[in-house]
Number of protein chains: 2
Amino acid sequence: MQTNEQLLSVIENYLAQTDLPAEPELLYAPIGYSLAGGGKRLRPMLLLLACGIFSENIQHALPAAAAVEVFHNFTLLHDDIMDNAAVRRGKPSVYAKWGQNVAILSGDAMLIQAYRLLELIPRQWLPQVLSTFNTMALEVCEGQQYDMDFEQKAKVSVVEYMHMIELKTSALLAGAVVIGATLGGATESDCRKLRRFATELGLAFQLQDDLLDSYGDERLGKAIGGDILEGKKTYLMITAMSHADEPTREILRTAYRNPKLDNEQKIAAVKAVYDRLDVPRLTEQQIELRFDRALSILDTLTAPTERTVRMREFAQSLMGRKN
Amino acid sequence: MQTNEQLLSVIENYLAQTDLPAEPELLYAPIGYSLAGGGKRLRPMLLLLACGIFSENIQHALPAAAAVEVFHNFTLLHDDIMDNAAVRRGKPSVYAKWGQNVAILSGDAMLIQAYRLLELIPRQWLPQVLSTFNTMALEVCEGQQYDMDFEQKAKVSVVEYMHMIELKTSALLAGAVVIGATLGGATESDCRKLRRFATELGLAFQLQDDLLDSYGDERLGKAIGGDILEGKKTYLMITAMSHADEPTREILRTAYRNPKLDNEQKIAAVKAVYDRLDVPRLTEQQIELRFDRALSILDTLTAPTERTVRMREFAQSLMGRKN
């Protein structure tokens, strides 16, 4: 099996050679633009690695790998309309570049294009893969709806938040590995285990994303505090709210829109509360718990341990852990 | 085989019993609302009638019939956002009732729900049906994009217009009959013929729709002149533009936004030009040509004539013709 770098370039090549019609230009150009926008290709990588646990041959899984990536980019395209987001991966979003109607319709065509790729799946696996794909796709929509619901809700519990990110983030990773495993000929039991693996990995990944947004990552040099300035209900905010007394809650609820504070002060005020309530350590603990669970599930597969090494290493690199 | 009324109630029952989750409510309630909104169920009727030409049993075609109806309603849901349309079938559109973000996301879920229904297709036909469905779905998006492109275009030719409605209107009818015929066990040659039948029928239907919008239909008692007041490029407008001299073209281009005219005068001014240029008769001729072609294709199927009677009668009733 190829190295991860080789796998990534196989995916990039496959995505680049996917034929899109030239006309109507405003329907298809945004799809090509979205797919050329880069990203980590995390979901097709997971799909191919899952397939590779059970099968030497993973070529026949490439269309499905491309389908989950196209689907993922479709969700970003429509999310950017709903979030009014002008920038995606350092470039103008489709919404900002072409306007709302083009973004809606080319997003629709992109979702259909994902299903078009499923036509290339060997027919004995098509019913199973179509079903997994549909479940995954609906769960992602459900997660996005809960996320939007939370913006209007005064109080969101940790349980509700975990349920939301399980749908919005984990479902796509879970769908990808189950489709990959199915195409590798895995048993139903191994598919179920890999679903749990990817679900836990997705939760760990999302919580780490929440943590890094406020506490940063020297490797990324990313701007810090975006979630705080937007007043977003992240794992950190929800955990802090659940541990705080009423006056502290009021700080958390209002700091981001307090006209007396500049951005740095807003971020500092919220992070002071987080630190006092030990929120970073509580979040780290939850990340470790989820990530350890994910890795330990890999050991329970019927496949020999050496076949899961690649997946383990990929999961570790995804979480920024040394192998 | 059941009467058309019975078929219609079979479709309504099937759609009504399709389980949608209760939560998240803002994702799924708009889907149920859209599907309960009525409509002629034209596309699932065509699918089942096409299946019935080749097979006594049409039960197994019901999920696909529901899928094309769900898809059709998904396109209306998203079109209403793009067109800023507040009313759909006499009720508030999803867009007007729940807002843009809910309409985008529940529309996405509805499109996925259509593919969910395809899971219920007997597996030997799934690859073929999925492929036909995807082609149909992309063509409808292409038609919608061309339609939006035309709003920005100074000049649209009759050929361009016919190509647009072939995608926007006919493709869905064509997809429906081909899927129905496939599930009835039709040969590829018969599927191709039925595709041409539905394409011509769709063109006739759309041109008649254009004609009735300006010249009305005593049976419907519908308000007349909506297309004229919106300055829409319909078959009538495009035909008139292609036959008119430059001063007359200027009337056609500007009447709908002429501040000196009230609505009745605007409609009267444009229709006076249509009448002078014989546009209603030219349109009628084109409708007859397309409709006759459609019916004559039915005679060339390998199925005996008595098996196509139902489809013929349905096409006639669709066009408001006596059987």
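Residues numbered from 1 in each chain as written. Chains lettered and ligands numbered in written order. Predicted model: local features only at pLDDT ≥ 70, side-chain atom pairs only at ≥ 80, totals over all residues. Heavy atoms only, no water.

Taken together, the side chains of K40(A), R89(A), K91(A) and K97(A) make up a positively charged region of the molecular surface. By the secondary structure assignment, R89(A) is in the loop between strand 1 (87-88) and strand 2 (91-92). (Patch = residues over 30% accessible without salt bridge, like charges linked within 9 Å, V, L, I, M, F, W, Y side chains within 5 Å. Areas by Shrake-Rupley, 256 points an atom, 1.4 Å probe, with all protein chains shown as cover. Salt bridge = Lys/Arg side-chain N within 4 Å of Asp/Glu carboxyl O. Lys, Arg positive; Asp, Glu negative; His and termini not counted. Charge placed at Lys NZ, Arg CZ, Asp CG, Glu CD. Helix = DSSP H or I, 4+ residues; strand = E, 2+ residues; numbered from the N terminus.)

Residues and elements named next belong to chain B. The tally for this structure, following the rule as stated, stands at 32 salt bridges over all chains. Residue R290 is joined to E200 by a salt bridge in which the shortest nitrogen-to-oxygen separation is 3.1 Å. Residue R290 is found in helix 14 (residues 279-298), and its partner E200 is found in helix 9 (residues 188-215); the two are separated by 90 residues along the sequence. Neither residue differs from the other here; R290 and E200 are each classed as buried. Put simply, E288 and R321 hold a salt bridge, and the shortest N to O gap is 2.3 Å. Residue E288 is located in helix 14, and its partner R321 is located in the segment after helix 15 (305-318); the two are separated by 33 residues in the primary sequence. (Buried < 20%, exposed > 50% of the residue type's maximum accessible area, 1.4 Å probe, protein only.)

This part is about unusual backbone geometry. Residue and element names in this part refer to chain A. In this structure, P24 follows E23 across a cis peptide bond, with omega equal to -10°. With respect to the helices and strands, P24 occurs in the loop between helix 1 (4-17) and helix 2 (25-35). The backbone of N84 shows a phi angle near 55°, a positive value even though the residue is not glycine. As for its placement among the helices and strands, N84 is situated in the loop between helix 4 (62-82) and strand 1. The phi dihedral of D278 falls on the positive side, at around 65°, and the residue is not glycine. Its place among the elements puts D278 in the loop between helix 13 (263-276) and helix 14 (279-298). Here D278 falls in the partly exposed class, since its relative accessible area comes to 31%.

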